[in-house]
Amino acid sequence: MTLTKEASATTAVARRSRPKLRRGPAADRDSRRRSRRGLTHWIVLALLALATLLSLFPFFLAAINAIKTAEDYTAHGPLALPRSFDLSAITDFWQNVDYTNKLINSVLISGGVAIFGTVISLFNAFALGIGRIKARRALLVLLLLATTIPQEALIYPLYYMANETGLYDTKLVVVIISSVLSSAFGTYLLASVLSSFPKEILEAARMDGASRWQVLRLVVVPVIWPTLTVLMTFFFIWTWNDFFLPLIMLTSNENQTASVALGSLQGQYTSSPTSLAAASLMGILPAVAFFLIFQRTLTRGAVAGAVK
Amino acid sequence: MIMRTRLCRSLALAAAVPLVLAACGANGASGDGEKTFTVWWYEDAGNPQDAAWQDALEEFKAAHPDVKVHFERKVWQQIQDAGAMILNSNDAPDLLEYNKGNATAGAVASKGLLTDLSDEVSSRGWDEIAGSALTVGSYDSAGLMGPGKIYGVPSYGEYVGFYYNKDMFAANGVQVPTTMDELEAAFDAFKSKGITPLAESAGDYPAQHLLWGLSLANADQDWLKGYFGLAEPLDTSSDSPLTQAAETMADWSSQGYLDPKSSGLKAEDAWAQFRSGQAPITYAGTWMVNDFKDTITDFEWGQFLMPGSGLNPGSGGNIWVVPTKADSKDLAYDFIDLTMDQTRQDLMANAGGIALDADPSAISDPTGKMVNQTFSELAESDDLGLYGDWPVPNFYQVIQSNTQTLVAGSQTPEQFMEQLATAYDQVQSTVQ
Amino acid sequence: MTTSAAVHREARPGPPPPKAGEKGYAPYLIPGALGFLVVVLVPFVMNIAISFTSWSGIGTPSFVGLENYQRLIHDQMFWSAFEHSIWFIVAMAVVPTALGLFLAAVLFDYIEPRFGQRASSSLRAGLYLPQVLPVAVAGVVWGWILNPYGAINAVLEQLGVEDPPNWLGDTSWALPSVMAVLVWMQLGYGLVIFMAGMARIDPQFHEAAELDGASWLGRFRHITVPEMRPEIFVVLLTTTIAALKVFGPVYVLTKGGPGDATNVPSFYSYSNFFGSLQVGYGAAVATILTLVVILLAVVFIKIQSKTEGAQ
């Protein structure tokens, strides 16, 4: 019990003490340069804001074309600002592919992978990074096999295995495969972070008689929570946009995902750019929402105070 | 405390998810004794084929009230990449639209995944309706398109031709060309006024269709049969129709008749140039005709085929195939019947699609009249020249990227032919 | 970690802590090991077996021995594709990691203290968003931008440039253009990882350094970068692997063209599996590709372990 209180207390302290810069005696000497410094802040901010806006320009292009009518697009091209407002392409697409169903499938699958993949990575990394199992280097390399092998090399064997076990065309098989493949990266990231985990905290916990499971749950997880949320966010987004695995493994439309449904807008010879822009912007909203929710936890819970 | 509950909550969720997924993930299995009919296609919602087939579906339901009809609209990419795997699994439908070609239909046919339809084709009269378009469903034991068993039935057709802006032609005093010389003169007339005549895209498939159209202009049926049959290594000499086509493309590009910068354009960009009146001529497939009909409101447009050419790129459309593992094959044949009958064929033609056997007097839509007439003429005179990328799997990719550099001017026609020959011969040598 | 850790160790006498046995940690590896076996190892071994056959994906494969590998050794297209991989490593690993680390420090250490968390979070979200956009759409939109008559050239012409390049259609410009798009796509990945990692660093280090008059850049070089070593290694390795396997973005932008200019090994592998149905050959390509990447990974991890040990 003491452990928990301390852990949460120190994290709370650390959170509160993330300071706005406190000026010390040396800095006071530079107070004469304060006005110039103030300008530098704003210049840096402006430059970064500009870079971010440029980075978002493709999204802007997609957005303005998503609401155009086909005639507007034809007459003025993709770069012109919209002179029309028409969401019929979106509603048609939504109905034609039953997009609600596809979004639900995508949320289930991506959510499942986010959770499972992170849990598997956590367990692996706990053993490798903190447990320091012998031959951990070799195990890490073996694990990386999962990220280096091209998916198409694995897909035929996986297809036959799924066929035999009756898991072909189920969401479960996609979750399992994606979780395992994602956990390779997750394990590597977490193991690297956990290798430099402050040993004193672990020793202190062990001294207090904590079991390994308690150490994992009460000490390690709170401290690396930011990285865990990064992992979950990545897994969710990568799985959300994964096209290949659902394409091959999910045949029936009722199990299909949003990313594949987008493929219906690109036939062999024809594609509808305005519909594609509209549908995909709608399609990424859940992923963006996921990211925005989780990024709030990314800066909280600074760890270092726990060392005290 | 907070951390513990958060972790516990996550783990509980993690445990619940697979249960939910397993429940949702059950693949459709029909009840015992209940007859079902499952059909898939990937035509865009509302296009002529889709319109006709939806109508057929309604008729089918009325004719078979005891059958549970299950239709799914698929994604083209899925049938292209995973088609073989689907046909090999227990989830295969009773009937599906399939991509024609050696690498797709031919490959799965040679592996025994498709039902041989030869008997049904003759007994139900599909061969008479399809005529020479039936080639796209006919494959030999090695999976090569040509004389052999019928594994697929097309119910519509397609071809590629020039589409032109009548208003711009009139404004510039240009007539519809009937010979290649006249075509180049027409190009020149526009070029001299500062207008790039051809809306093309060498960064995408349109340029290779133009290349094939030019090849067919210099080819005959013998050359065609040899080319598709992989009879011998690719002829790269200057006598070869393909070489001559490459030279013409390179020439046109250097003259500015087609934009060398089109190597950086997508197909959609080319159509946009034509639609907006920027370029007076484009070389497009009939799958674009409906789009033109709907979106071009500013000017009159028309069609002409490659001048002076007998053969023309074109073929039967995508084919209906019946998987070997299908449960309800008779129902599948009934459905094919419906898509091939006069009502559906006329419907397709009136929607702007190309039927194989529409009654000309029943077509009221002018665009429909135009394309159907052209197609039936081509089919009757056996002038459907298919497409140049069909003989060899992945040839599409090779031709595309090399046409791109040919048009951009960074590769000569000789180099172009060498690249094509490498890929062609590699497969040709294994076929004996 | 080093300073206060040393202080702590001296300040605490007494018996050494009980040795955490390796065996105790082994059960934690079971779920991962099981999954790995089924999803990765078995299929990979099967893939190697397939690489010794000629097969179209269905039906029975026919054994051909080393024929696929012999053909691969002489395959110009494959090895020239690897050349491009070097450039993709620069575009997807080197630049995004370096730039990402720097920007992360700026956002975390400069913007956030002065302008608050909201500002730095919004900027981070904006820079990360390219990772979320589906590749197909990114291809279409970048096509509009890089089109010879597209956004960039429109701006260039306004600025007086006479004949702006055909970015995606010119053999000399295609690769750099694709590289630029890849940087745009990859930057957010490292940025987010680094920013999460920077939350680990004891703020006292930075405060102490500042009190001693260290500049922002000095603190970046001497505190942030060393502390971020685990994350740097991870980001570098994973982005390098991603660069060697990159397929989607290249495919939608140029399809490997013009000619051979942007051809990549994994596109080549994919087109053998699904384009030309030469699954046996594709398996050989995939195996060789995997081996090259593994070799790289081993080297990386060895270096990383050594620096961890030194710490």
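No experiment lies behind these values; they were computed from the predicted model shown.

Moving on: the overall build of chain A. Scanning chain A from terminus to terminus reveals 14 helices and zero strands. Secondary structure elements of chain A, listed N to C terminal, follow the sequence α-α-α-α-α-α-α-α-α-α-α-α-α-α. Put simply, chain A has 308 residues, and 54% of those count as buried.

Here we come to the overall build of chain C. In terms of regular secondary structure, chain C is built from 15 helices and two strands. In terms of overall size, chain C is more extended than a compact globule, its C-alpha atoms giving a radius of gyration of 24 Å where 311 residues would be expected to give roughly 19 Å. The principal-axis extents of the C-alpha atoms in chain C amount to approximately 70 × 65 × 30 Å. Looking at chain C as a whole, 51% of its 311 residues qualify as buried. Contacts in chain C between residues far apart in sequence, at least 24 positions, make up 69% of those at least 6 positions apart.

Let's shift gears to the packing of helix 9 (residues 174–198) of chain C against helix 12 (residues 229–245) of chain C. All names here are of chain C. Here helix 9 crosses helix 12 at 160°, and the two axes come no closer than 10 Å. Taken together, the axis directions place helix 9 and helix 12 in an arrangement best described as roughly antiparallel. The interaxial crossing formed by helix 9 with helix 12 has right-handed handedness. Across from Gln 186, Gly 190, Ile 193, Phe 194 and Gly 197 in helix 9, the residues of helix 12 making contact are Glu 231, Val 235 and Thr 239. The class makeup of the residues in the contact of helix 9 with helix 12 is three nonpolar, four polar and one charged.

Moving on, we get to the sheet that holds strand 12 (residues 319–321) of chain B. Residues and elements named next belong to chain B. Reading across from one edge, 2-1-3-12-6 is the order of the five strands in this open sheet, with mixed pairing throughout. Each edge of the open sheet is held by one strand with a lone partner, namely strand 2 (67–73) and strand 6 (153–154). When strand 6 meets strand 12, the two strands line up antiparallel, connected through two bridges. Residue pairing across strands places Val 153 opposite Trp 320, the latter belonging to strand 12.

Let us now look at the environment of Ser 55 of chain A. By the secondary structure assignment, Ser 55 of chain A is in helix 3 (residues 34–66). Note on Ser 55 of chain A: 19 C-beta atoms within 10 Å, which makes it partly exposed. Sequence-distant contacts of Ser 55 of chain A, that is, excluding residues within four places in its chain, are made with Gly 126, Leu 127, Pro 130 and Trp 184 of chain C.

Time to look at the interface of chain C and chain B. If you look at the interface, chain C gives 23 residues, while chain B gives 25 residues. Looking at the side of chain C that touches chain B, the element that brings in the most residues is helix 14 (residues 265–275) of chain C, giving three residues. Partitioned by chemical class, the residues of the side of chain C that touches chain B number seven nonpolar, 14 polar and two charged.

Our next topic: the confidence of the model for chain A. Residue and element names in this part refer to chain A. Of all residues in chain A, 83% have pLDDT values of 70 or greater, and the mean over the chain is 80. Here helix 1 (residues 2–16) stands out as the least confident element of chain A, with mean pLDDT 38; helix 6 (residues 99–130) is the most confident, with 93. Per-residue pLDDT stays below 50 along residues 1–36; that stretch engages in 41 contacts with residues further than four places along the chain or on separate chains. Within the model, the stretch residues 300–308 combines pLDDT values under 50 with 35 contacts to residues more than four positions away or in other chains.

Let us look at the interface of chain C and chain A. Each partner contributes to the interface: chain C provides 97 residues, whereas chain A provides 92 residues. For the side of chain C that touches chain A, the leading source of residues is helix 15 (residues 279–310) of chain C, giving 13 residues. For the side of chain C that touches chain A, the residue count by class is 66 nonpolar, 21 polar and 10 charged.

Before going further, it helps to spend a moment on the nonpolar core. The biggest cluster of nonpolar side chains holds 321 residues, and the ones touching the most others in it are Phe 126 of chain A together with Ala 104 of chain C. Broken down by element, this core gets its largest block of residues, 18 residues, from helix 11 (residues 212–241) of chain A. Residue assignment places this core across two domains, with domain 1 (35–154 + 316–380) and domain 2 (158–313 + 387–428) of chain B each supplying three or more.

Here strand 1 (residues 35–41) of chain B pairs with strand 2 of chain B via seven bridges, running parallel. Bridge assignment links Thr 38 of chain B to a residue of strand 2 of chain B, and that residue is His 70 of chain B.

Once that is clear, we can look at helix 4 (residues 102–110) of chain B. Residue and element names in this part refer to chain B. The buried fraction of helix 4 is high, at nine of nine residues. Taken as a whole, helix 4 has its buried residues at Asn 102, Ala 103, Thr 104, Ala 105, Gly 106, Ala 107, Val 108, Ala 109 and Ser 110. Buried residues along helix 4 sit against helix 3 (76–88), strand 3 (95–98), strand 4 (138–139) and strand 12. Gly 112 occupies a position one or two residues after helix 4 and carries a positive phi of about 80°.

All names here are of chain B. Of the two faces of strand 3, the one lined by Leu 95 and Glu 97 and the one lined by Leu 96 and Tyr 98 are each fully buried. Across two bridges, the pairing between strand 1 and strand 3 is parallel. Note that in strand 3 the partner of Val 39 across the bridge is Leu 95. Bridge count between strand 3 and strand 12: three bridges; the pairing is antiparallel. Across the sheet, Glu 97 pairs through a bridge with Trp 320, a residue of strand 12.

Residues and elements named next belong to chain B. Following the sequence through the fold, Ala 267 ends up in helix 12 (residues 267–275). Sequence separation between Ala 267 and Glu 200 is 67 residues; the distance between their C-alpha atoms is 7.5 Å. Not counting chain neighbours up to four residues away, the residues in contact with Ala 267 comprise Ser 201, Asp 204, Tyr 205 and Pro 206.

Residue and element names in this part refer to chain C. Taken over all residues, the pLDDT of chain C has a mean of 85, while the share at 70 or more is 92%. Per-residue pLDDT, averaged within each element of chain C, yields its smallest value for helix 1 (residues 2–11) (41) and its largest for helix 3 (residues 30–50) (93). This stretch, residues 1–14, has a pLDDT under 50; its non-local contacts, to residues over four places away or in other chains, come to five contacts. Two summary scores accompany this predicted model of the complex, namely pTM at 0.86 and ipTM at 0.82.

Residues and elements named next belong to chain B. The end-to-end C-alpha distance of helix 17 (residues 395–408) is 20 Å, a good match for the 20 Å that 14 residues give at a rise of 1.5 Å each. In terms of residue burial, helix 17 counts as a mostly covered element, since 13 of its 14 residues are buried. Gly 409 occupies a position one or two residues after helix 17 and carries a positive phi of about 90°.

Take the packing of helix 9 (residues 171–195) of chain A against helix 11 of chain A next. Residue and element names in this part refer to chain A. Running from amino to carboxyl end, helix 9 crosses helix 11 at an angle of 155°, the nearest separation of the two axes being 11 Å. By the angle between their axes, helix 9 is roughly antiparallel relative to helix 11. Here helix 9 and helix 11 pass one another in a crossing that is right-handed. Contacts between helix 9 and helix 11 pair Ser 178, Ser 182, Gly 186, Leu 189, Leu 190 and Val 193 from the former with Ile 224, Thr 227, Leu 231, Phe 235, Trp 238 and Thr 239 from the latter. Looking at the contact of helix 9 with helix 11 residue by residue, the class counts come to seven nonpolar, five polar and no charged.

All names here are of chain C. Positionally, Leu 107 belongs in helix 5 (residues 76–115). What makes Leu 107 buried here is the crowd of 23 C-beta atoms within 10 Å. Remark: the alpha-carbon pair of Leu 107 and Asp 260, spanning 153 residues in sequence, is separated by 40 Å. Look past the residues within four positions of Leu 107 in its chain and what remains in contact with it is Glu 112, Ser 120, Leu 123, Arg 124 and Met 195.

Take unusual backbone geometry next. One non-glycine residue with positive phi stands out, namely Asp 169 of chain A, at about 65°. Within the fold, Asp 169 of chain A resides in the loop between helix 8 (151–165) and helix 9. A positive phi angle, close to 55°, is found at Asp 382 of chain B, a residue other than glycine. Along the chain, Asp 382 of chain B turns up in the loop between helix 16 (366–380) and helix 17.

About the cut-offs
Residues numbered from 1 in each chain as written. Chains lettered and ligands numbered in written order. Predicted model: local features only at pLDDT ≥ 70, side-chain atom pairs only at ≥ 80, totals over all residues. Helix = DSSP H or I, 4+ residues; strand = E, 2+ residues; numbered from the N terminus. Buried ≥ 20, exposed ≤ 12 C-beta atoms within 10 Å, placed from the backbone. Rg over C-alpha atoms; globule rule 2.2 N^0.38 Å. Contact = placed C-beta atoms within 7 Å. Axes fitted to C-alpha atoms, helices over the stretch in contact; angles between N-to-C directions. Parallel < 35°, antiparallel > 145°, perpendicular 65-115°, else oblique. Left-handed = near helix turned anticlockwise from the far one by under 90°. Nonpolar A, V, L, I, M, F, W, Y, C, P; charged D, E, K, R; others polar. Pairing = 2+ DSSP bridges. pLDDT = per-residue confidence, 0-100. Core = buried A, V, L, I, M, F, W, Y, C linked by C-beta atoms within 7 Å. Domains from an automatic or database assignment. Expected span 1.5 Å × (residues − 1).

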